[in-house]
Amino acid sequence: MFRLNKKIIRVFTIATLLLGVISLLWLVYDYFLYKQLKPVILGFGELGSLEQMAEFVWLSYLFMFMVHIIAGITLLLHLRYFRVIRLINIIIILLGITSFLAVLSDWAILGDILKEYEAGWDTSGEWPILYILLGIHAVFLLLLTGIFAGVLRRLKVNDGEEMAVKKDEMVFTAAQYVGLICGIIGLVWTVFALVLSQRLPVSYYHMLATSILILIPYGLVVLYWFILKCKEKIGDWYDEKQSRDVYRSGFITLVVTIPVMLALYLVIHNDTLFTRGDYFWFPFLVFTSLTLFSVLTLIHYHET
Amino acid sequence: MLLGNNIRRLRFEKGDISQEVLANGVGVTRQTIHSIEKVKFVPSALLAFKIALFFDTPVDQVFFIVDN
């Protein structure tokens, strides 16, 4: 039980750190976008290219939403493992809840600004609130990444009775968890976009850009794993059980996805059911394969 | 037929060796050692010999066939 908790804590802490860094980058994007948007909207000018840039804002809130959920779970695991509640834990929990609610408030305020701008009303009252909320997110994310980096270090230092293995399984497991999360989010988004496309124009480029962005966390973990493995011979990248688990998961994924994707292809390309559905099939394939492969690898790997 | 083993007993007999130490000694993950111990994973001949060598014990005293 003790070992299992420690492993899970590491996986969740690494995943939260990754999402935290990505969310911080998105926050910087949002800040500079709002800085450019504010004078245009207050002066009722033409949005021009800013409109296209603003269309990606929701993605930053998607990542922000994800990091809050995962951070909440990880904090609970930390508290359970360390069995100590420090002042910093209380601060981060309160700040986390405030920041989480602020994500929803941000969304509402942005909607209000858009409606008021279209109606020709003054939006000067909303902007300071939006900046304050951005500040809350920034403080929370900075504190979160700092604390979690410290926890990761403490977990390594306290490894007295639990010696670290040379064959690292943490990155291998973390990659499967991140793959699972990205796959599920991607599937949910693709279904949502397919339904949305029947009413609003969802372009090929929207789907491509959003699919790539959703895959970024998985890509980063795989890249990190690849950098670590570059020092080793290809034959040593996995140990023999990992190899067997990866091969089995890959084979089952292949066998399952062929009929499922064939059926989905026929459904999506059925013009009586969906119009403009042809470019949703490939994201479906990618995210279904990723979800299935990650979940099967995790099941096989922990099958004892 | 299954491939049973005495790894757990040998770990304790040879001085309370942890799964991590054994994993490091033979170059696999702790999870692999855990799965072999629980008879959920059949190791390759190479790994079986490495484990036997680690314990300085003949391979047939580490692994044995269980006829079910």
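Keep in mind that what you see is a predicted model, and the values were worked out from it rather than measured.

Some remarks on the overall build of chain B
Working step 1: Scanning chain B from N- to C-terminus turns up five helices and two strands.
Working step 2: Taken from the N to the C terminus, the helices and strands of chain B come in the order β-α-α-α-α-α-β.
Working step 3: With 68 residues in all, chain B has 50% of them scored as buried.
Working step 4: For chain B, the exposed area adds up to about 3600 Å²; of that, 57% sits on carbon and sulfur atoms.

A short note on the overall build of chain A
Working step 1: Looking only at helices and strands, one finds nine helices and zero strands in chain A.
Working step 2: Ordering the α and β elements of chain A from the N terminus gives α-α-α-α-α-α-α-α-α.
Working step 3: Within chain A, the proportion of its 304 residues that are buried is 44%.
Working step 4: Taking contacts inside chain A between residues at least 6 apart in sequence as the whole, the part at least 24 apart equals 84%.
Working step 5: Accessible surface, chain A as shown: approximately 16000 Å² in total, 73% of it carbon and sulfur.

Comments concerning the packing of helix α2 (residues 19-26) of chain B against helix α4 (residues 45-55) of chain B
All names here are of chain B.
Working step 1: The geometry of α2 relative to α4 is characterised by a closest axis approach of 9 Å and an angle of 115° between their N-to-C directions. For the crossing formed where α2 meets α4, the hand is right-handed. Contact residues: α2 offers Val21, Leu22, Gly25 and Val26, while α4 offers Leu47, Lys50, Ile51, Phe54 and Phe55.
Working step 2: Residue composition of the contact of α2 with α4, grouped by class: seven nonpolar, one polar and one charged.

Re the pattern of salt bridges
All names here are of chain A.
Working step 1: Tallied over the entire structure, the rule returns five salt bridges over all chains.
Working step 2: Two residues, Asp245 and Lys241, come together in a salt bridge whose shortest N-O distance is 3.0 Å. Here Asp245 and its partner Lys241 are both found in helix α8 (residues 240-268), four residues apart, which amounts to about one turn of the helix.
Working step 3: Residue class for Asp245 comes out buried when judged on its relative accessible area of 0%.
Working step 4: Exposure remark for Lys241: the relative accessible area of 0% places this residue in the buried category.
Working step 5: One salt bridge connects Arg244 with Asp245, and the closest N-O pair in it is separated by 3.2 Å.
Working step 6: Linked by salt bridges that have partners in common, Lys241, Arg244 and Asp245 make up one network.

So, the layout of surface pockets
Residues and elements named next belong to chain A.
Working step 1: The volume enclosed by the largest pocket comes to roughly 790 Å³.
Working step 2: For the lining of the largest pocket, the element with the highest residue contribution is helix α6 (residues 170-196), accounting for nine residues.
Working step 3: Of the residues belonging to the lining of the largest pocket, the class tally is 21 nonpolar, two polar and one charged.
Working step 4: Three or more residues apiece are contributed to the lining of the largest pocket by two domains, here domain 1 (1-165) and domain 2 (169-304).

Regarding empty space enclosed by the protein
Working step 1: A complete count under the given rule lists one cavity of 30 Å³ or more for this structure.
Working step 2: In this structure, the largest cavity encloses a volume near 70 Å³.
Working step 3: Looking at the lining of the largest cavity, its residues break down into nine nonpolar, no polar and no charged.

Digging into the confidence of the model for chain B
Residues and elements named next belong to chain B.
Working step 1: Summing up the model confidence of chain B, the mean pLDDT is 90 and the portion of residues at 70 or higher is 99%.
Working step 2: Element-level mean pLDDT values for chain B span from 88 in strand β1 (residues 2-5) up to 93 in α4.
Working step 3: For this predicted complex, the interface confidence reaches an ipTM of 0.81, while the overall pTM sits at 0.61.

Thoughts on α2(B)
Working step 1: Taking burial as the measure, the eight residues of α2(B) include six buried ones, the bulk of the element.
Working step 2: Just downstream of α2(B), Gly27(B) is the residue with a positive phi angle, here 75°.

Thoughts on a nonpolar patch on the surface
Working step 1: A cluster of nonpolar side chains, Tyr204(A), Tyr205(A), Leu208(A), Ile212(A), Ile216(A), Leu220(A), Leu223(A) and Ile227(A), forms an exposed patch at the surface whose accessible area comes to about 790 Å².
Working step 2: Relative to the helices and strands, Ile216(A) is located in helix α7 (residues 204-229).

The rules we used
- Residues numbered from 1 in each chain as written.
- Chains lettered and ligands numbered in written order.
- Predicted model: local features only at pLDDT ≥ 70, side-chain atom pairs only at ≥ 80, totals over all residues.
- Heavy atoms only, no water.
- Helix = DSSP H or I, 4+ residues; strand = E, 2+ residues; numbered from the N terminus.
- Buried < 20%, exposed > 50% of the residue type's maximum accessible area, 1.4 Å probe, protein only.
- Areas by Shrake-Rupley, 256 points an atom, 1.4 Å probe, with all protein chains shown as cover.
- Contact = heavy atoms within 4.5 Å.
- Axes fitted to C-alpha atoms, helices over the stretch in contact; angles between N-to-C directions.
- Left-handed = near helix turned anticlockwise from the far one by under 90°.
- Nonpolar A, V, L, I, M, F, W, Y, C, P; charged D, E, K, R; others polar.
- Salt bridge = Lys/Arg side-chain N within 4 Å of Asp/Glu carboxyl O.
- 1 Å grid on protein atoms, 1.4 Å probe; cavity = no way out; pocket = protein on both sides within 12 Å on 5 of 7 lines; lining within 4 Å.
- Points joined across faces, edges and corners; volume = space filled by probe spheres on them.
- Domains from an automatic or database assignment.
- pLDDT = per-residue confidence, 0-100.
- Patch = residues over 30% accessible without salt bridge, like charges linked within 9 Å, V, L, I, M, F, W, Y side chains within 5 Å.

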